Amino acid sequence: MKTRFTTVDIRAAIAEINANYVGMRVYNVYDIDNKTYLIRLQKPDSKAVLLVESGIRIHSTDFEWPKNMMPSGFAMKCRKHLKTRRLTHIKQLGIDRIVDMQFGSDEAAYHLIVELYDRGNIILADHEYTILNLLRFRNAEAEDVKIAVRERYPVENARSPEPLISLEQLTEILSKAPKGEQVKRILNPHLSYGATLIEHSFIEAGLPGSIKVDSQENAAEVAPKIREALQIAESYMEKTENFNGKGFIIQKSEKKPSVAPGKPAEELLTYDEFHPFLFVQHAKSPFLELDSFNKAVDEFFSKMEGQKIDMKALQQEKQALKKLENVKKDHEQRLEALHQAQEVDRLKGELVEINLAVVERALQVVRSALANQVDWAEIGHIVKEAQAAGDPVACAIKELKLHKKGKKNKNRDKGQKKKLQRNKPMLVDVDLGLSAYANAKKYYDHKRSAEKKQQKTLEAADKAMKSAEKKTQKTLKEVQTVTTIQKARKVYWFEKFLWFISAENYLVIAGRDQQQNEIIVKRYLRAGDIYVHADLHGATSCVIKNPSGDPIPPRTLTEAGTMAVCYSAAWDAKIITSAWWVHHHQVSKTAPTGEYLTTGSFMIRGKKNFLPPSYLIMGFGFLFKVEEQSVFRHRGERKVKSVEEEMDDVTSRTAELLEEGEELMGKTKVGHLTPKSFKT
């Protein structure tokens, strides 16, 4: 999979950026991560975003990328020096994969240098290329250059374009290459075309795309034909100088195994490469064609980034579910351990009871020896000798733990525990200070204690599990908040103001503050438009856009008047009053002699046309775009309606309400209403 720009890609992307975005001002700079930055550009009625990733790519983007909450130091430095400056030029340094973006001009210029090779770098420099800030400090030992703050960036060290390689040089390179090596790989380090363009040129020249050199004689034979192919590659490089073509995404077809038996495997298309040209070797592969190379690259990387985000979200979901599973597993293990402890204690108590005589006799023997002050070691020897003699009581004693005032008896297991088999010997600790019955009772007490603990654990389990599930659901919700990169919707010019579409399909805009009121009248009030206002403190200036110049219907005027009144002091004071409207030529910024108009205030000359009192009622709605095939169904919904059409609408709505009322009354069995009962 292709993951970074080649020289051909850089030239094509730069040509498109120069054609479309030069002259736009920097609005802001954002960082996505420590290598990727967004430069937001704008000019009147137009916005754009450039995405720069160190060592990888540079292109425009139409997608909404997730930005860091706090900008990095490099982003802050870029904001300080680049904000409000125009993008005056963007160029490639020589034939190196280095892009130089110039903001501003003359001594006020700043350069953003993007290195798209190796580990990459982004460098902010002044008009003399003195480095102000950079992502990565490094020393170029081969060139004896230090890339650091306050050092000068060596733009003169960039490789200058070279003429087409001569036949002698080509033959020498091929003859020194290892046998069996592909020619495109041999030439790629020596040329700036890239392996893909070299392969395409070979095929167009009649050579195999993966041609190999077997010997020096073979190299001399194919060298003229290869040089002819390189001339084709050179022509493509010239095309990228002023590139204005399509962009292509090459797709890779993969088989997705089917879960259902007998069902054929599904074909899954994934993005593999992006190019400014559709090369011959990719003609038979599935591909996407987009309007420009920048759009192709944007689509390619946003899809890749979306897949990365999905994988990251999937891992986080798995971790959250694993934690919940671990809580459940730990709880089950705790219950199982308590249950097993009960079984063991019950079994030990039963064994002591079953072997009561043997246990009691063993206790007496050991107590007697201790009472006669026999040494502990001596008691052990006596027990071993008795065991050797076959004494049944001594054989029942497995080990003496006199320092703990106890001993361990080996009794016959009449019960069952986990891996223990029935009638298999089991070791039971017996306390010398207790009788055989008391030892059995001790184990039964332990069993009852474990049973009570298990019951408490079960009671607390529901609460613990609900808490763990709640935390898991919260984590999953946070993970699912941003899992994809959405394509940015086109923002219309009027969306920065208060606005709505009237019932008769007129656009009505209003200012959010005094500055916006000033902008609306000065910039957007045109011939044929209507200015609506109210004589109240804080009332907004409304403009009804009327490009046709036809008279504005009363309904739209009333709706605009309601907006003007609601966005005034009348809303808080709950005062019902009237707005008024005038034609565009009656609105002026010229004040009478000796007077001054503040920002957002205007002089109205001539008669004001007052509207009926407006109710203080506002609403909001969801605006959505329908698909092309659905447009005809909604055509004519918002239009100026005649009185007859209005009456027809009222009658049809009334009939619908009557039908609903009849159904409701029929279900509740509370009489029956007929249309005659209503007046319209």
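Just so you know, the residues in each chain are numbered from 1, in the order the chain's sequence is written. Predicted model: local features are reported for residues with pLDDT of at least 70 only, side-chain atom pairs are reported and counted for 80 or more only, and whole-chain, interface and lining totals are derived from all residues. Hydrogens and water are ignored here; the side-chain numbers use all heavy atoms of the structure.

An unreviewed UniProt entry lists the protein chain under the name Ribosome quality control complex subunit NEMF, from Oryzias latipes. Per UniProt, the protein chain carries the Subunit (unreviewed entry) text "Component of the ribosome quality control complex (RQC), composed of the E3 ubiquitin ligase LTN1, TCF25 and NEMF associated with the 60S ribosomal subunit. The complex probably also contains VCP/p97 and its ubiquitin-binding cofactors. Interacts (via its N-terminus) with XPO1." On record in UniProt, under Sequence similarities (unreviewed entry), the comment for the protein chain is "Belongs to the NEMF family." UniProt positions are given in the numbering used here, feature names are shortened, and annotations may be inferred rather than shown by experiment.

How do you make sense of the packing of aromatic side chains when you look at a structure like this?
For any two aromatic rings, the description comes down to two numbers: the centre-to-centre distance and the angle of the planes. In this analysis, rings of Phe, Tyr and Trp, with Trp reduced to its six-membered ring, are considered paired at centre separations within 6.5 Å, and the interplanar angle assigns stacked below 30 degrees, edge-to-face beyond 60, and tilted for intermediate values. Across all of its chains, the model carries 20 aromatic pairs by this definition. Each ring, one from F243 and one from F277, has its centre 5.6 Å from the other, and the planes form 85 degrees; the classification is edge-to-face. One end of the pair, F243, is in the loop between α6 (216-239) and β12 (247-256); the other, F277, is in the loop between β13 (266-275) and β14 (287-290), with 34 residues separating them in the sequence. Like F277, F243 is buried. Seen in terms of ring centroids, F248 and F287 are 6.1 Å apart; in terms of plane orientation they differ by 65 degrees. Their pairing is edge-to-face. What counts as a helix is a DSSP run of H or I of at least four residues, what counts as a strand is a run of E of at least two, and both are numbered from the N terminus. Exposure categories follow from relative accessible area, calculated using a 1.4 Å probe and restricted to protein chains: below 20% of the type maximum is buried, above 50% is exposed, and the middle band is partly exposed.

Is there a simple way to explain the pattern of salt bridges in this structure?
Where charged atoms of side chains with opposite charge meet at close range, the side chains can pair. Each salt bridge in this description consists of a side-chain nitrogen of Lys or Arg and a carboxyl oxygen of Asp or Glu lying within 4 Å of one another. Enumeration according to the criterion identifies 20 salt bridges in this entry. For E64, the salt bridge goes to K67, with nearest N and O atoms at 3.9 Å. Classification of K67 by relative accessible area gives partly exposed; the value is 30%. For R152, the salt bridge identified is with E156, shortest N-O distance 2.9 Å.

What is the right way to look at the sheet that holds strand β5 (residues 87-92) in this model?
Backbone hydrogen bonds are what pair the strands of a sheet, in a parallel or an antiparallel way. Pairs of strands are assigned from DSSP output, requiring at least two bridges between the strands. The strand order across the open sheet built from five strands is β5-β6-β7-β8-β9, with neighbouring strands paired in antiparallel fashion. Single-partner strands in this sheet number two, and they are β5 and β9 (131-134). Each neighbouring strand pair of the sheet contributes to a mean axis angle of 20 degrees, computed without reference to strand direction. Relative to strand β6 (residues 98-103), β5 runs antiparallel, the two sharing five bridges. In the strand pairing of β6, Q92 is matched with V99. Any two residues having at least one pair of non-hydrogen atoms within 4.5 Å are treated as being in contact. Between N-to-C directions, angles cover 0 to 180 degrees, with each direction set by a line fitted to C-alpha atoms, over the stretch in contact for helices. Strands β5 and β6 of the sheet are contacted by helix α1 (residues 7-21), whose axis makes an angle of about 165 degrees with β5.

Where do I start with unusual backbone geometry in this structure?
In this structure, D45 takes a positive phi of about 65 degrees despite not being glycine. Structurally, the position occupied by D45 is in the loop between β2 (36-43) and β3 (46-53). Classification of D45 by relative accessible area gives exposed; the value is 70%. The backbone of T84 sits at a positive phi, close to 75 degrees, despite the residue not being glycine. By relative accessible area, T84 is classed as exposed at 53%.

I'm lost on the confidence of the model for the protein chain in this one. Help?
Caution is warranted with low-pLDDT regions, since their predicted coordinates should not be read in detail. Known as pLDDT, the predictor's confidence for each residue is given on a scale from 0 to 100. Of the residues in the protein chain, 85% have a pLDDT of 70 or more, and the chain-wide mean is 82. Across residues 257-261 the pLDDT falls below 50, and counting only partners more than four positions away or on other chains, this stretch makes four contacts in the model. When the criterion is pLDDT under 50, residues 412-422 qualifies, and its contacts beyond four places in sequence or with other chains add up to 29 contacts.

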